[in-house]
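# Survey of secondary and tertiary structure
Now for the letters of each chain:
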Amino acid sequence: SYAGQWMYFEMMDTMEEPRDFPRAFCISGPVMVATYLTVALVGYYYGVEEGNIIEGMPRGNTMRVVAVLLFLHVMVVYLIKSVVLQRYFHRRFSPGDVEARTPASFAKHGGLGMLMLGFGFVVANAVPFFSELLGLIGGFCGGPVNFIVPIFIYLVALGRRDDLLVHVGANTLESPGVIAEDGHPRSSEMGEVQGSNSSFSSSIGDESDEDFQWEESSVKAACRGLRALPAFDLAVIAAICVFILLTMVFGVTDVVSQIIKKSGEFGAPFTCHALRFEGTNVTNASSCSI
């Protein structure tokens, strides 16, 4: 819930004013932390013992209301995050009208969104242990994507800094005192170059740079950036890597054990597990196929 850094840059790329993202996050970040923390504490106070709060609730109208609210929450999250993937597919299949405001562009964008939604629906219903599948994917990819990949990208950028300055031009970043010898920007001088950030970004993404090739691989650049870091930063990176490795091992092991343990309870693909509510004769049947 709190590991959204893998999506932040993509969301900024879809914004008309990317500079407004920090302001938006300063509002949404504390709201998300307070909301999730409140729900968890309230659920714990009322004795919810399941990992999923809804599964630990008594069957009845209260559960129906909570399920509807959860559906609305997931729908909003899906709409926000799917925009990034829709734009990616749109850019791949029809790059000429990604930014166009025409009926044809809207139809392509919306059509790709419906295809993604249909694909997700099929997968979610075809895999009997879908919740455990999400846990398995999260155990394998959550830690590396949210913590290891950003570190690696920073190290690559740090290792390629000199080559980037040569390629783009030293006028943007080589202002006196902006970049320290260790590769970190000096905050006291960053205000002087913010006005040139847009020209710097446009020069990197210019179509004339499509054929540009770095002289060394990303791994070599990351190693070079790693050697430029002070000892404290190296210790922090090492601690993060060890922690993420442990979460992957224990998380994946736990999910796999759950899948094995419940292997006879999931049923066939597209099986409907109806819930039995208090005061009704509806059973947890597996015969209501879709």
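Rules and cut-offs
- Residues numbered from 1 in each chain as written.
- Predicted model: local features only at pLDDT ≥ 70, side-chain atom pairs only at ≥ 80, totals over all residues.
- Heavy atoms only, no water.
- Helix = DSSP H or I, 4+ residues; strand = E, 2+ residues; numbered from the N terminus.
- Buried < 20%, exposed > 50% of the residue type's maximum accessible area, 1.4 Å probe, protein only.
- Contact = heavy atoms within 4.5 Å.
- pLDDT = per-residue confidence, 0-100.
- Polar contact = N/O pair within 3.5 Å; in protein donor to acceptor, adjacent residues only side chain to side chain.
- Expected span 1.5 Å × (residues − 1).
- Bend = angle between axes of the 7 residues up to and from the residue.
- Core = buried A, V, L, I, M, F, W, Y, C linked by side-chain atoms within 4.5 Å.
- Axes fitted to C-alpha atoms, helices over the stretch in contact; angles between N-to-C directions.
- Parallel < 35°, antiparallel > 145°, perpendicular 65-115°, else oblique.
- Nonpolar A, V, L, I, M, F, W, Y, C, P; charged D, E, K, R; others polar.
- Arc of directions from axis to C-beta.
- Patch = residues over 30% accessible without salt bridge, like charges linked within 9 Å, V, L, I, M, F, W, Y side chains within 5 Å.
- Areas by Shrake-Rupley, 256 points an atom, 1.4 Å probe, with all protein chains shown as cover.
- Salt bridge = Lys/Arg side-chain N within 4 Å of Asp/Glu carboxyl O.

Further remarks concern the overall build of the protein chain. Helix and strand counts for the protein chain stand at eleven helices and zero strands. A total of 290 residues make up the protein chain; the buried ones form 20% of that total. The contacts of the protein chain with a sequence gap of at least 6 include a subset with a gap of at least 24, amounting to 61%.

Our focus in this paragraph is the confidence of the model for the protein chain. The predicted structure's coordinates, where accompanied by low pLDDT, should not be read in detail. Of the residues in the protein chain, 72% have a pLDDT of 70 or more, and the chain-wide mean is 76. Low confidence marks residues 187–208, where pLDDT is under 50. Its contacts with residues over four positions away, or in another chain, come to 20 contacts. Segment residues 282–287 is flagged for pLDDT under 50; beyond a separation of four residues in sequence, or across chains, it makes 14 contacts in the model.

This part is about the side chain of Gln-86. Residue placement: Gln-86 occurs in helix H3 (residues 61–93). Within polar-contact distance, the side chain of Gln-86 engages the backbone oxygen of His-109 at 2.9 Å. When near neighbours in sequence (up to four residues on either side) are disregarded, Gln-86 contacts His-109, Leu-112, Gly-113 and Met-116.

A rise of 1.5 Å per residue sets the reference length of helix H5 (residues 130–159), with its 30 residues, at 44 Å; its end C-alpha atoms lie 41 Å apart and thus fit the reference within 8%. Its axis deflected by about 45° at Cys-141, H5 carries its strongest bend there, up to four residues before the proline Pro-144.

We now examine the nonpolar core. Soluble globular proteins: nonpolar side chains tend toward being buried together. Membership of the largest hydrophobic core is limited to eight residues, which are Ile-151, Leu-155, Val-156, Leu-158, Ala-221, Ala-222, Leu-229 and Ile-237. Every element with two or more residues in this core is listed here: H5 and helix H10 (218–227). When residues of this core are assigned to their parent elements, the largest contribution, four residues, is made by H5.

Remark: H5 packs on H10, axes separated minimally by 7 Å, with the N-to-C direction vectors making an angle of 80°. If you check the angle between H5 and H10, you find them roughly perpendicular. Mapping the contact onto sequence places Phe-152, Leu-155, Val-156, Leu-158 and Gly-159 in H5 and Ser-218, Val-219, Ala-221, Ala-222, Arg-224, Gly-225 and Leu-226 in H10. Class assignment for the residues of the contact of H5 with H10 results in eight nonpolar, three polar and one charged.

On to helix H1 (residues 5–14), then. Taken together, the buried positions of H1 are Met-7, Tyr-8 and Met-12. Along H1, the residues classed as buried sweep out an arc of 140° about the axis, all on the same side. Those residues of H1 that are buried are in contact with helix H2 (21–45) and H3.

So, on to a nonpolar patch on the surface. On the surface, Val-65, Val-68, Leu-69, Phe-71, Leu-72, Met-75, Tyr-78, Leu-79, Met-114 and Leu-117 cluster together into a nonpolar patch covering about 960 Å² of accessible area. Of all the secondary structure elements, the ones that give two or more residues to the nonpolar patch are H3 and helix H4 (103–126). The leading source of residues in the nonpolar patch is H3, at eight residues. Locating Leu-79 in the fold gives a position in helix H3.

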